[in-house]
Every structure is written in C-alpha cells, then in structure tokens.
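# Descriptive structure summary
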Amino acid sequence: MFDNLSNRLTSSLDRIRGRAKLTEDNIKEVLREVRMALLEADVALPVVKAFIDSVKERAVGTEVSKSLSPGQVFLKIVKQELEKVMGEANDELNLKAKPPAVILLAGLQGAGKTTSAAKLARYLKERHKKSVAVVSADVYRPAAIKQLQTLANEIGVDFIESEASQKPIDIANNAIDVARKSHKDVLILDTAGRLAIDDDMMAEIKALHTAIDPVETLFVVDAMTGQDAANTAKAFGDVLPLTGVVLTKTDGDARGGAALSVRHITGKPIKFLGVGEKTEALEPFHPDRLASRILGMGDMLSLIEEAEQKIDKTKAEKLAGKLQKGKGFDLEDFKEQLQQMKNMGGMGAMLDKLPGMGGQMANIQDKVNDKMFVQMEALINSMTAQERRNPDVINGSRKKRISAGAGLQIQDLNRLLKQHKQMQKMMKKFSSKSGMKKMMRGMGSMMPGGFPGMPKM
Ligand SMILES: Nc1nc2c(ncn2[C@@H]2O[C@H](COP(=O)(O)OP(=O)(O)O)[C@@H](O)[C@H]2O)c(=O)[nH]1
Ligand SMILES: [Mg+2]
C-alpha cells in the first residue's frame, strides 16, 4: 500500500535526513520534491498546499535551528504533519446506543459496501465480541441481497431476510425489529449505490437515514479513485451527517491520495481501510501508524496487534513451555511457526508493515514469496518423525530421499536446515523473555541474507 508515495517521499527525505544544517535553500528544495510526490500520489491540491505550508512554517522556524540534528527534526515534522492531515488518531466506531446500534453504509456502486458490511460484521464479532446482524436494502439488484447473505453465512453472523419488492425503509424498520428481538448489539444496513451521486440516490438514503437514525453513517469509497474519493465523500457529507469513511481497495492503491485527502476535504475521519477482497481484510485507520508506514518507518504496532489476534496462543505457550524446559526447537515446531506466519497473511502482508521495507518490496517479494513457505512445509512433511525431532540424523542418503519426496533439490533442503538452525539459535534467546522485537529479528535471520534494509532492532 502507498508504495509509490512512500518511495518518492523517502528518497527525497533521505537526502535531508543526514544534513547537519538546514538552510532556507535546502528546505525549499526538499519541500518542492515532497510537493511533487504528493501531487503525483493524487493528493488534492488544497491538502498539498496546507501540508507544505505547515511543514515550511515549522521547519524554517526555531524548531529546527535549535536542534542538534536538523535532518531528523525535519523528518519528524513531516511525519507529524502527515498524521495531522490524516486526522491524528484513530477514530473508533461509536456504538453507544440502545441496542441494536445501527450502522448505515452508503456509497457508489462497486465502492465495496456489501463487502465492507461483511468485513465490519466480522471485525465487530471477532475483535469486539459483539453479536451482529446484517441486512441488505439494495432492492435494485436481487443478486446484491444474495451476495450479502452468502458473506454472512461465511462469517457466521445473522442475515436478516429482505426482498427486492420491499421498500428500503420497510426493510430497515423490520430489520431493527428483528435485531432487537434477537438481542443483537449491532445491525449493519447495506444499501444500493448509483453510478454517480444523483438526486434519487440522495433522496432515498436521506429518507432512510431519517427513518432509522443510525449511530454510524459510513461512506464507503474506493481508494483507487484518488482525490475524487474525497470529493464524492464531501458531496455526500454535505447532505447527510456522515460519521466516517471506509476507504476500500487500498491494497491496489499505490498512490495514497485518497487516504491523505479525505479528512482535510470532508472534515470526516476515515475509520477503516479495506485491504483486500476477503472478509478479514479490514484495518482500523491509524493516521500515526500510516504516516510511519508511508515514511518507511514501518508499522510495528499493527503487526503486533495482528499477531496477537491471529497467532494461536495455546500453541505459542506450549512452545514457550517446551523451550523453557530446555528442550530444543525442532522441525515440527518450525513447521508450526510457518503455519502461523501463513495465518498472518503470508510474508507480503507482514513485510509491508516492517520498518525500511517501503522501497524494496518488489525485489524481496520475489525472494521471499509464499511459495517458499509451501516448499519448506513440503520438505518437513517428507521427513520421518525422528528426523523432525532430531535433524542432526539427516545424512546424505536421507537428504536425497527427503528432497526427492518433496519434489525439490538437495540445496533446498540444505537451506531449510540452515534456516532452522538460525531459528533455533534465536529461539534459545527468545525463550527466556519473550518479546516481539526478538522474534521479528529472528524471522529476519531466517530469510536468506536477512531482510534487506531492515534496521537492527
Ligand atoms: N482488492 C479489494 N477489493 C475489494 C475491496 N473491497 C471490495 N472489493 C471488491 O470490489 C467489488 C465490489 O464490491 P461490492 O462490495 O460488491 O461493492 P458495492 O456495490 O458497493 O456493494 C467486489 O469485487 C469486491 O470483492 C478491497 O478492500 N480490496
Ligand atoms: Mg452491494
């Protein structure tokens, strides 16, 4: 996400990072480049102007001249201003209402409303332990109701029936009734979109809004439309009291213009990012973490939160217990670790959040692709239980058998064994006091040559 913007910004800021002294001249030069980078990322012009002005004001002022390392301070200013333009802190959903708390989703056709309805339902169910129901008021395309039903079944939340022949308001009122009677905490209402914001659509959604008075009215908008995303959200927000924005398809958006423009243009917070097609691909929007990611400083916090969510705690504790008893980290454990990483969306998703990865994604992805995991697993599967517990017994003839069994070469197996040894060493240190830092460093050392560009932590 935001790869282009991140590359452009880090390369212009790199030159100033090390400067011992900042002058009007070199600030001007780097600001011109930052401005270009933002415009290329399709950030709306008023946002670019406001951003550059405040960075300039702070940078040429006392803040920098008093500092020991002006380059670093400049970077910090850029980061803080990036955060500010995106809204400073995460804005959570407000669900404080008499249950069911109703969330109304609106947006253009294809923006991702139905998908986001399911994603939100899953998010609230899994992370906030809410009981959730969903309903579709998209009466123009019967397939749309079915689409939501399929997704609801998939994630195991209640789907409240509706018919294309009903009026959206009736659907909504009935759904609130059903949700209340079945003691749901939250009801998510999916609506119909249009190709463009027109009077019909606004009239319909306004009537719906008035009738049900939702606690959250979220505008769902496609990040790939760049600054237009901010403009449509504004047009919509001028008519309805929006409480926030869900920015979808950020996984396909290398530019980032929408994420940077929406807050400033609409005055409304982005609350969530859609980061993929699957129902799990939803992230709360954290301006501070995103700024850090854009500037190539990584997003360790999100990575840790994700790890907490997705790593199987009982397995992790079992492993920790085993290591504490002085037992080794064997290939069976190694396989387990590979599976856990796969659960976290594979290497690509994790690399995206590591510090210093911005510019280097393309070439690493070739090297550390998820195919590698599959191969590693195949090799371990091809071993006997004894070999997994005690890899030292793996001699030449065993190597031949194992690699042939996995349909791979002996050097693939040698690499796996070496990576396992490194991981084992790391696990020894890790077993005394657990810590994400150590673990991350360990995963780096697993990869051939470590993670290029990753700073020593
Ligand atoms: N890659 C990606 N695709 C998405 C995301 N959100 C939605 N989509 C896709 O966008 C298309 C339209 O989504 P849908 O929810 O039907 O849009 P709606 O018309 O607003 O209800 C579908 O193919 C979705 O899979 C996202 O965050 N990332
Ligand atoms: Mg839909």
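Thresholds, definitions, all that
Residues numbered from 1 in each chain as written. Chains lettered and ligands numbered in written order. Predicted model: local features only at pLDDT ≥ 70, side-chain atom pairs only at ≥ 80, totals over all residues. Heavy atoms only, no water. Core = buried A, V, L, I, M, F, W, Y, C linked by side-chain atoms within 4.5 Å. Buried < 20%, exposed > 50% of the residue type's maximum accessible area, 1.4 Å probe, protein only. Helix = DSSP H or I, 4+ residues; strand = E, 2+ residues; numbered from the N terminus. Domains from an automatic or database assignment. Contact = heavy atoms within 4.5 Å. Pairing = 2+ DSSP bridges. Right-handed = clockwise from strand over helix to strand, strands pointing away. Near = heavy atom within 4 Å. Polar contact = N/O pair within 3.5 Å; in protein donor to acceptor, adjacent residues only side chain to side chain. Areas by Shrake-Rupley, 256 points an atom, 1.4 Å probe, with all protein chains shown as cover. Nonpolar A, V, L, I, M, F, W, Y, C, P; charged D, E, K, R; others polar. Axes fitted to C-alpha atoms, helices over the stretch in contact; angles between N-to-C directions. Salt bridge = Lys/Arg side-chain N within 4 Å of Asp/Glu carboxyl O. Phe/Tyr/Trp six-rings, centres within 6.5 Å; stacked < 30°, edge-to-face > 60°. Expected span 1.5 Å × (residues − 1). Arc of directions from axis to C-beta.

Before going further, it helps to examine the nonpolar core. Within the largest apolar cluster, 71 residues are counted, with the highest numbers of intra-cluster contacts made by Leu13, Phe74 and Leu187. Top contributing element to this core by residue count: helix H5 (residues 70-86), with eight residues. Each of domain 1 (3-86) and domain 2 (101-301) accounts for three or more of the residues forming this core. Leu13 has contacts with Val30, Val34, Phe74, Leu75, Val78 and Leu295, leaving out every residue within four places of it along the chain.

Let us look at the pairing of strand E6 (residues 244-248). On any regular strand, side chains alternate: one points to one face of the sheet, the next to the other face. When you tally the buried positions in E6, you get five out of five residues, the bulk of the element. Burial of E6 is two-sided: the residues Gly244, Val246 and Thr248 facing one way and the residues Val245 and Leu247 facing the other way are all buried. When strand E5 (residues 216-222) meets E6, the two strands line up parallel, connected through five bridges. When the sheet's bridge partners are listed, Val220 is paired in E6 with Val246. Crossover E5 to E6 through helix H10 (residues 227-239) is right-handed. Relative to strand E7 (residues 270-274), E6 runs parallel, the two being bridged by three bridges. Bridge pairing links Val245 to Ile270 in E7. What joins E6 to E7 is helix H11 (residues 257-266), and the crossover it makes is right-handed.

With that settled, consider the site of ligand 1. Around ligand 1, 18 residues are found, and the nearest of them are Gly110, Lys113, Thr114, Thr115 and Asp251. One nitrogen or oxygen atom from the main chain of Gly110 is found 2.8 Å from an oxygen atom belonging to ligand 1. In this structure, an oxygen atom belonging to ligand 1 sits 3.4 Å away from a main-chain N or O atom of Gly274. If ligand 1 stood free it would expose 580 Å²; the protein chains cover 80% of that surface. Among the elements that line the shell around ligand 1, the one with the most residues is helix H6 (residues 113-127), at four residues. Taken together, the residues of the shell around ligand 1 break down into three nonpolar, nine polar and six charged.

This paragraph deals with the environment of Ala192. Structurally, Ala192 can be placed in the loop between strand E4 (186-190) and helix H9 (199-212). Given the relative accessible area of 5%, Ala192 is considered buried. In this structure the C-alpha to C-alpha distance between Ala192 and Asp138, which are 54 residues apart in sequence, comes to 4.2 Å. With residues near it in sequence (within four places) discarded, Ala192 still touches Gly107, Lys113, Ala137, Asp138, Tyr140 and Glu204.

What follows is about the sheet that holds E5. Judged by pairing direction, the sheet is mixed, and its eight strands sit side by side in the order E3-E2-E4-E1-E5-E6-E7-E8 without closing on themselves. Two strands in the sheet have a free side with no partner beyond their single neighbour: strand E3 (158-160) and strand E8 (282-284). On average, each strand axis in the sheet is tilted by 25° relative to the strand beside it, whichever way the strands run. Across three bridges, the pairing between E7 and E8 is antiparallel. Counterpart to Phe272 in the pairing with E8 is Pro284. Its contacts with the sheet place H6 against strand E1 (101-107), strand E2 (132-136), E4, E5, E6, E7 and E8, and it is angled at close to 150° to E1. Packed on one face of the sheet, H9 meets E1, E4 and E5 and runs near 175° to E1.

What follows concerns the pattern of salt bridges. What the rule picks out here adds up to 20 salt bridges. Between Glu81 and Arg58 there is a salt bridge, with the nearest N and O atoms lying 2.9 Å from each other. Of this pair, Glu81 sits in helix H5 while Arg58 sits in helix H3 (residues 45-60), placing them 23 residues apart in sequence. Classification of Glu81 by relative accessible area gives buried; the value is 3%. Measuring nitrogen to oxygen at the nearest pair gives 3.2 Å for the salt bridge that ties Lys181 to Asp177. Taken together, the positions of Lys181 and Asp177, both in helix H8 (residues 168-181) and four residues apart, correspond to about one turn of that helix.

Scanning the model with the defined rule gives three aromatic pairs in all. Centre to centre, the rings of Tyr123 and Phe272 are 5.1 Å apart; their planes meet at 75°, and the pair counts as edge-to-face. Of the two residues, Tyr123 is situated in helix H6 and Phe272 in strand E7; the sequence distance between them amounts to 149 residues. Look at Tyr123 and you get buried, because its relative accessible area is 14%. For Phe272, a relative accessible area of 4% gives the class buried. An angle of 35° between the planes, with centres 4.6 Å apart, marks the rings of Phe219 and Phe236 as tilted. Pair noted here: Phe219 is in strand E5 and Phe236 is in helix H10, with a separation of 17 residues, a long-range link. You'll find Phe219 and Phe236 in the same group, each marked buried.

The next point concerns H3. If you check H3, its first and last C-alpha atoms are 22 Å apart, about what 16 residues at 1.5 Å a residue would give, namely 22 Å. By the burial criterion, the buried members of H3 are Val47, Val48, Phe51, Ile52, Val55 and Ala59. Across the axial projection of H3, the buried residues extend over an arc of 120°, all falling on one side.

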